[in-house]
Amino acid sequence: MECPTGTPEGTAFPPDLERLGIAPGAKIDIRDLDMIGKRNNFHIYLYFEEDLARDSTLREDLQEYGDVPDLDRPFIRLDAFLRFATESDPLFTQRLDELPLVVEVVAYGELGIREGKTVPYVKGVMPFLDELAMEDTPTVS
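The structure presented is a predicted model; accordingly, all values stated were derived computationally and were not measured.

S.K.: Help me understand the nonpolar core in this model?
M.R.: Where a protein is soluble and globular, its nonpolar side chains tend to be buried together. With 25 residues, the main nonpolar core has Ile-22, Ile-30, Leu-46, Phe-81 and Val-122 as its most contacted residues. Looking at this core, the elements that each hand over two or more residues are α2 (30–40), β3 (43–47), α5 (78–88), α6 (92–98) and β5 (102–114). When residues of this core are assigned to their parent elements, the largest contribution, five residues, is made by α5. Residues within four places of Ile-30 in sequence aside, it is in contact with Leu-46, Leu-78, Phe-81, Leu-82, Leu-96, Leu-101, Val-103 and Met-126.

Right under this line is the structure:
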């Protein structure tokens with residue numbers, strides 16, 4: 001996949017990802033996003049702070065938080081998040097059936113990994129816990 005804009009990160013997504021529903025503003029179940037990323041060979045980074053996800057680039061964030069352990073950063077790769085969550089809570093997958101985590105897609109880019117090779121990535125924002133509680137709470141009429 002080539003970055004269609006020629007820039008390292010932005011809101012223009014390759015057509016093949018857009019056909020899969022991976023586009024700016026798309027809201028996708030975390031498990032579906034993980035599956036799509038694995039099938040189509042791109043990384044997904046989850047951000048816990050919306051402003052950071054929208055106002056910075058992954059490259060900048062990796063530089064700024066390079067000395068910070070992965071689990072202490074305000075963002076994490078999706079595969080690492082799922083691995084940590086399932087190791088910490090064996091019922092995590094079942095809990096996702098009851099209360100799905102829906103990630104909002106915000107950006108696409110490519111990150112240089114070695115010798116001129118790049119890996120495509122997608123940034124997404126995790127829902128805030130209070131939003132999850134509000135969405136799950138039935139309203140009284």
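The rest of the description comes next.
S.K.: Help me understand α2 in this model?
M.R.: Count 3.6 residues to each turn of an α-helix, and residues three or four apart come out pointing the same way. Listing the buried residues of α2 in full gives Ile-30, Leu-33, Asp-34, Ile-36 and Gly-37. Along the axis of α2, the buried residues cluster in a sector spanning 165°; they form a single face. With respect to the buried face of α2, the exposed residues turned more than 90 degrees away are Lys-38 and Arg-39. Packing partners of the buried residues in α2 comprise β2 (27–29), β3, α5, α6 and β5. Of the residues flanking the start of α2, the one acting as N-cap is Asp-29, its side-chain oxygen 2.7 Å from the backbone nitrogen of Arg-31. Remark: Asn-41 follows α2 within two positions and exhibits a positive phi of approximately 60°.

S.K.: Looking at this structure, I do not really get the environment of Pro-100. What am I missing?
M.R.: When you line up the elements, Pro-100 lands in the loop between α6 and β5. Through-space distance from the C-alpha of Pro-100 to that of Arg-31 is 8.7 Å; in sequence the pair is 69 residues apart.

S.K.: I would appreciate a short explanation of the environment of Leu-96 in the present structure.
M.R.: Looking at the secondary structure, you find Leu-96 in helix α6. What makes Leu-96 buried here is its relative accessible area of 4%. Once the C-alpha coordinates of Leu-96 and Ile-30 are considered, the two residues, 66 residues apart in sequence, prove to be 8.8 Å apart. In contact with Leu-96, other than residues within four places in its own chain, are Ile-30, Arg-31 and Leu-101.

Cut-off values and rules
Residues numbered from 1 in each chain as written. Predicted model: local features only at pLDDT ≥ 70, side-chain atom pairs only at ≥ 80, totals over all residues. Heavy atoms only, no water. Core = buried A, V, L, I, M, F, W, Y, C linked by side-chain atoms within 4.5 Å. Buried < 20%, exposed > 50% of the residue type's maximum accessible area, 1.4 Å probe, protein only. Helix = DSSP H or I, 4+ residues; strand = E, 2+ residues; numbered from the N terminus. Contact = heavy atoms within 4.5 Å. Arc of directions from axis to C-beta. Polar contact = N/O pair within 3.5 Å; in protein donor to acceptor, adjacent residues only side chain to side chain.

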